[in-house]
Amino acid sequence: TVRIPCGATNFYGFTGTITITNLVNVALEGEGDCSQLVNMQTGGQPLITVSGSQGVRLKNFSMAGHASSGHGISIVSSSHRGFLENIFCRNVGGDCLNIAHGFGWTIMQPRFSVNVYPSGVIGPFPYAGASVSADYGIRTADTASAGTQTIVGPLIEGLGQWGIKLDDENSTVIGGTVEGNVGGNIWLAGNALKVYGTNAEVGGDGDVGGVKVSGQRNVISGMLTGGGT
(Lines give C-alpha, C1' and ligand atoms only; values in the text may rest on other atoms or scores of the structure.)
Protein backbone atom coordinates (compact mmCIF):
# COMPACT_ATOMS: atom_id res chain seq x y z
CA THR A 1 0.00 0.00 0.00
CA VAL A 2 1.29 3.43 -1.01
CA ARG A 3 -0.31 6.11 1.16
CA ILE A 4 -0.96 9.70 0.09
CA PRO A 5 -0.95 12.05 3.10
CA CYS A 6 -3.43 14.89 3.29
CA GLY A 7 -2.03 18.21 2.11
CA ALA A 8 -3.88 20.93 4.00
CA THR A 9 -2.94 23.78 1.64
CA ASN A 10 -1.00 22.14 -1.18
CA PHE A 11 -1.04 19.28 -3.68
CA TYR A 12 1.27 16.68 -5.13
CA GLY A 13 2.26 17.66 -8.68
CA PHE A 14 3.59 15.08 -11.15
CA THR A 15 5.64 15.75 -14.29
CA GLY A 16 5.42 12.06 -15.25
CA THR A 17 2.64 9.49 -15.25
CA ILE A 18 2.19 7.36 -12.13
CA THR A 19 2.42 3.83 -13.52
CA ILE A 20 1.34 0.56 -11.92
CA THR A 21 2.74 -2.07 -14.28
CA ASN A 22 2.65 -5.88 -14.02
CA LEU A 23 1.84 -5.91 -10.31
CA VAL A 24 -0.69 -7.74 -8.15
CA ASN A 25 -2.72 -6.40 -5.19
CA VAL A 26 -1.12 -2.95 -5.08
CA ALA A 27 -3.02 -0.11 -3.36
CA LEU A 28 -2.76 3.68 -3.78
CA GLU A 29 -4.72 5.19 -0.89
CA GLY A 30 -5.24 8.76 0.33
CA GLU A 31 -7.03 10.43 3.22
CA GLY A 32 -9.81 12.07 1.20
CA ASP A 33 -10.06 15.04 -1.16
CA CYS A 34 -7.11 16.76 0.54
CA SER A 35 -4.86 14.01 -0.82
CA GLN A 36 -4.71 15.67 -4.23
CA LEU A 37 -2.67 14.44 -7.21
CA VAL A 38 -2.18 16.96 -10.02
CA ASN A 39 -1.06 16.09 -13.54
CA MET A 40 1.45 18.77 -14.58
CA GLN A 41 2.04 17.17 -18.00
CA THR A 42 0.75 18.96 -21.10
CA GLY A 43 1.09 16.35 -23.85
CA GLY A 44 -2.06 14.30 -23.31
CA GLN A 45 -0.47 11.88 -20.83
CA PRO A 46 -2.69 10.34 -18.11
CA LEU A 47 -2.10 11.02 -14.44
CA ILE A 48 -2.30 7.32 -13.46
CA THR A 49 -1.91 4.30 -15.74
CA VAL A 50 -2.66 0.75 -14.59
CA SER A 51 -1.11 -1.69 -17.06
CA GLY A 52 -1.02 -5.47 -16.92
CA SER A 53 -1.87 -5.49 -13.22
CA GLN A 54 -4.42 -7.47 -11.21
CA GLY A 55 -6.39 -6.54 -8.11
CA VAL A 56 -5.23 -2.91 -7.97
CA ARG A 57 -6.99 -0.71 -5.38
CA LEU A 58 -7.29 3.08 -5.76
CA LYS A 59 -9.00 4.84 -2.86
CA ASN A 60 -9.71 8.18 -1.20
CA PHE A 61 -7.90 10.83 -3.21
CA SER A 62 -8.65 13.62 -5.69
CA MET A 63 -7.27 14.36 -9.15
CA ALA A 64 -6.76 17.48 -11.25
CA GLY A 65 -4.85 18.43 -14.39
CA HIS A 66 -4.41 20.82 -17.30
CA ALA A 67 -6.60 21.15 -20.36
CA SER A 68 -3.79 19.54 -22.36
CA SER A 69 -3.14 16.66 -19.95
CA GLY A 70 -4.71 13.24 -20.43
CA HIS A 71 -7.08 10.95 -18.52
CA GLY A 72 -7.16 10.92 -14.77
CA ILE A 73 -6.95 7.10 -14.57
CA SER A 74 -6.23 4.93 -17.60
CA ILE A 75 -6.75 1.14 -17.39
CA VAL A 76 -4.90 -0.77 -20.13
CA SER A 77 -3.24 -4.08 -21.07
CA SER A 78 -5.31 -6.73 -19.27
CA SER A 79 -5.60 -4.97 -15.91
CA HIS A 80 -8.49 -6.97 -14.46
CA ARG A 81 -10.50 -7.14 -11.22
CA GLY A 82 -9.51 -3.80 -9.72
CA PHE A 83 -11.27 -1.59 -7.18
CA LEU A 84 -11.88 2.19 -7.06
CA GLU A 85 -13.51 3.95 -4.13
CA ASN A 86 -14.23 7.59 -3.29
CA ILE A 87 -12.15 9.18 -6.05
CA PHE A 88 -12.87 12.87 -6.70
CA CYS A 89 -12.16 14.17 -10.21
CA ARG A 90 -13.10 17.49 -11.65
CA ASN A 91 -10.51 19.04 -13.92
CA VAL A 92 -8.46 16.72 -16.13
CA GLY A 93 -7.67 16.97 -19.83
CA GLY A 94 -9.33 13.67 -20.78
CA ASP A 95 -11.72 11.29 -19.02
CA CYS A 96 -11.76 10.86 -15.28
CA LEU A 97 -11.71 7.06 -15.72
CA ASN A 98 -10.97 5.43 -19.06
CA ILE A 99 -11.04 1.62 -19.22
CA ALA A 100 -9.50 0.46 -22.48
CA HIS A 101 -8.55 -3.09 -21.45
CA GLY A 102 -9.52 -4.49 -18.07
CA PHE A 103 -12.67 -6.29 -16.96
CA GLY A 104 -14.30 -6.85 -13.61
CA TRP A 105 -13.60 -3.52 -11.88
CA THR A 106 -15.74 -2.36 -8.95
CA ILE A 107 -16.18 1.42 -8.89
CA MET A 108 -17.65 2.69 -5.62
CA GLN A 109 -18.98 6.24 -5.21
CA PRO A 110 -16.95 8.01 -7.88
CA ARG A 111 -17.41 11.77 -7.54
CA PHE A 112 -16.61 13.24 -10.93
CA SER A 113 -18.18 16.67 -10.74
CA VAL A 114 -17.67 20.38 -11.32
CA ASN A 115 -20.47 21.18 -8.89
CA VAL A 116 -19.26 19.77 -5.57
CA TYR A 117 -17.04 22.75 -4.69
CA PRO A 118 -17.28 26.46 -5.56
CA SER A 119 -15.89 27.72 -8.85
CA GLY A 120 -12.10 27.84 -8.88
CA VAL A 121 -11.73 25.50 -5.94
CA ILE A 122 -10.59 21.90 -6.38
CA GLY A 123 -11.21 19.90 -3.26
CA PRO A 124 -10.58 21.98 -0.15
CA PHE A 125 -8.05 24.30 -1.83
CA PRO A 126 -7.57 26.16 -5.17
CA TYR A 127 -5.57 24.97 -8.14
CA ALA A 128 -5.60 27.78 -10.68
CA GLY A 129 -4.05 25.79 -13.54
CA ALA A 130 -6.92 23.30 -13.82
CA SER A 131 -9.00 23.03 -16.98
CA VAL A 132 -12.72 23.73 -17.03
CA SER A 133 -13.97 20.15 -16.84
CA ALA A 134 -13.13 16.56 -17.69
CA ASP A 135 -14.45 14.94 -20.88
CA TYR A 136 -16.21 11.68 -19.90
CA GLY A 137 -16.69 10.61 -16.30
CA ILE A 138 -16.41 6.86 -16.97
CA ARG A 139 -15.79 5.51 -20.46
CA THR A 140 -15.18 1.90 -21.45
CA ALA A 141 -13.86 0.67 -24.77
CA ASP A 142 -15.68 -1.42 -27.36
CA THR A 143 -14.14 -4.73 -26.33
CA ALA A 144 -15.10 -7.69 -24.19
CA SER A 145 -11.93 -7.07 -22.15
CA ALA A 146 -13.40 -3.76 -20.95
CA GLY A 147 -16.65 -5.30 -19.69
CA THR A 148 -18.25 -6.58 -16.50
CA GLN A 149 -17.74 -3.31 -14.63
CA THR A 150 -19.87 -2.58 -11.54
CA ILE A 151 -20.51 1.10 -10.78
CA VAL A 152 -22.21 1.83 -7.44
CA GLY A 153 -23.50 5.21 -6.24
CA PRO A 154 -21.89 7.53 -8.79
CA LEU A 155 -22.10 11.32 -8.55
CA ILE A 156 -21.15 12.49 -12.05
CA GLU A 157 -22.32 15.92 -13.15
CA GLY A 158 -21.33 18.91 -15.22
CA LEU A 159 -18.60 17.26 -17.31
CA GLY A 160 -17.73 18.20 -20.89
CA GLN A 161 -18.95 15.00 -22.61
CA TRP A 162 -21.05 12.07 -21.33
CA GLY A 163 -21.21 11.19 -17.66
CA ILE A 164 -21.00 7.43 -18.31
CA LYS A 165 -20.48 5.73 -21.66
CA LEU A 166 -20.41 1.93 -21.55
CA ASP A 167 -19.33 0.47 -24.88
CA ASP A 168 -18.76 -3.00 -23.42
CA GLU A 169 -20.77 -5.98 -22.15
CA ASN A 170 -22.32 -7.13 -18.87
CA SER A 171 -21.67 -3.94 -16.88
CA THR A 172 -24.01 -2.54 -14.22
CA VAL A 173 -24.79 0.90 -12.77
CA ILE A 174 -26.59 0.96 -9.41
CA GLY A 175 -28.07 4.10 -7.85
CA GLY A 176 -26.41 7.48 -7.71
CA THR A 177 -26.85 10.59 -9.84
CA VAL A 178 -25.55 11.26 -13.33
CA GLU A 179 -26.94 14.57 -14.54
CA GLY A 180 -26.21 17.82 -16.35
CA ASN A 181 -23.26 16.56 -18.38
CA VAL A 182 -22.79 18.49 -21.61
CA GLY A 183 -22.87 15.57 -24.06
CA GLY A 184 -25.44 13.60 -22.09
CA ASN A 185 -25.71 11.51 -18.97
CA ILE A 186 -25.70 7.75 -19.62
CA TRP A 187 -24.93 6.15 -22.98
CA LEU A 188 -25.39 2.39 -23.20
CA ALA A 189 -23.48 1.66 -26.38
CA GLY A 190 -22.67 -1.96 -25.58
CA ASN A 191 -24.75 -5.07 -24.95
CA ALA A 192 -26.30 -6.69 -21.87
CA LEU A 193 -25.85 -3.55 -19.75
CA LYS A 194 -27.99 -2.80 -16.71
CA VAL A 195 -28.95 0.44 -14.91
CA TYR A 196 -30.97 0.29 -11.70
CA GLY A 197 -32.39 3.28 -9.83
CA THR A 198 -30.01 5.93 -11.15
CA ASN A 199 -31.07 9.58 -11.30
CA ALA A 200 -30.40 11.12 -14.72
CA GLU A 201 -33.00 13.86 -14.53
CA VAL A 202 -31.22 16.77 -16.23
CA GLY A 203 -30.12 16.23 -19.81
CA GLY A 204 -27.24 17.67 -21.77
CA ASP A 205 -27.23 19.12 -25.29
CA GLY A 206 -29.71 18.14 -27.97
CA ASP A 207 -32.38 15.48 -27.83
CA VAL A 208 -30.19 12.70 -26.39
CA GLY A 209 -29.30 14.55 -23.22
CA GLY A 210 -30.82 12.16 -20.70
CA VAL A 211 -30.18 8.52 -21.61
CA LYS A 212 -29.07 7.07 -24.94
CA VAL A 213 -29.30 3.37 -25.77
CA SER A 214 -27.55 2.17 -28.91
CA GLY A 215 -26.59 -1.35 -27.84
CA GLN A 216 -28.73 -4.46 -27.49
CA ARG A 217 -30.25 -6.53 -24.66
CA ASN A 218 -29.91 -3.70 -22.14
CA VAL A 219 -32.01 -3.33 -18.98
CA ILE A 220 -33.14 -0.02 -17.41
CA SER A 221 -35.19 -0.13 -14.21
CA GLY A 222 -36.38 2.58 -11.82
CA MET A 223 -34.47 5.40 -13.50
CA LEU A 224 -35.59 9.01 -13.19
CA THR A 225 -34.86 10.89 -16.41
CA GLY A 226 -35.59 14.29 -17.88
CA GLY A 227 -34.87 16.12 -21.11
CA GLY A 228 -34.38 13.91 -24.12
CA THR A 229 -34.25 10.14 -23.62
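So, here is what we can say about the structure in this document. Each chain carries its own residue numbering, running from 1 in the written order of its sequence. Local features in this predicted model are restricted to residues whose pLDDT is 70 or higher, and side-chain atom pairs enter the listing and the counts only when it is 80 or higher, whereas totals over whole chains, interfaces and linings include all residues. To obtain the side-chain values, all non-hydrogen atoms of the structure were used and water was disregarded.

1. Considering the state of the cysteines
What counts is decided by this rule: Counting rule for disulfides: a pair of cysteine sulfur atoms within 2.5 Å.
The full count for this structure, using the stated rule, is two disulfides. Bridging cysteine 89 to cysteine 96, the disulfide has an S-S length of 2.2 Å. Linking cysteine 89 and cysteine 96, the disulfide has an S-S dihedral of approximately -80° and is accordingly described as left-handed. What links to what in the protein chain: the bonded cysteines, counted in sequence order, pair as 1-2, 3-4.

2. Quick notes on the environment of isoleucine 4
Stated formally: Helix and strand assignments follow DSSP, with helices taken as H or I runs no shorter than four residues and strands as E runs no shorter than two, numbered in order from the N terminus. We call a residue buried when its accessible area falls under 20% of the maximum for its residue type, exposed when it is over 50%, and partly exposed in between, using a 1.4 Å probe and counting protein chains only. Residues count as neighbours in contact if any of their non-hydrogen atoms are within 4.5 Å of one another.
Mapped onto the secondary structure, isoleucine 4 falls in strand β1 (residues 2-4). The exposure class assigned to isoleucine 4 is buried, which follows from its relative accessible area of 8%. The sequence separation of isoleucine 4 and alanine 192 amounts to 188 residues, and the corresponding C-alpha distance is 37 Å. Beyond its immediate chain neighbours, meaning those up to four positions away, isoleucine 4 contacts Tyr12, Leu28, Glu29, Gly30, Glu31, Ser35, Leu37 and Phe61.

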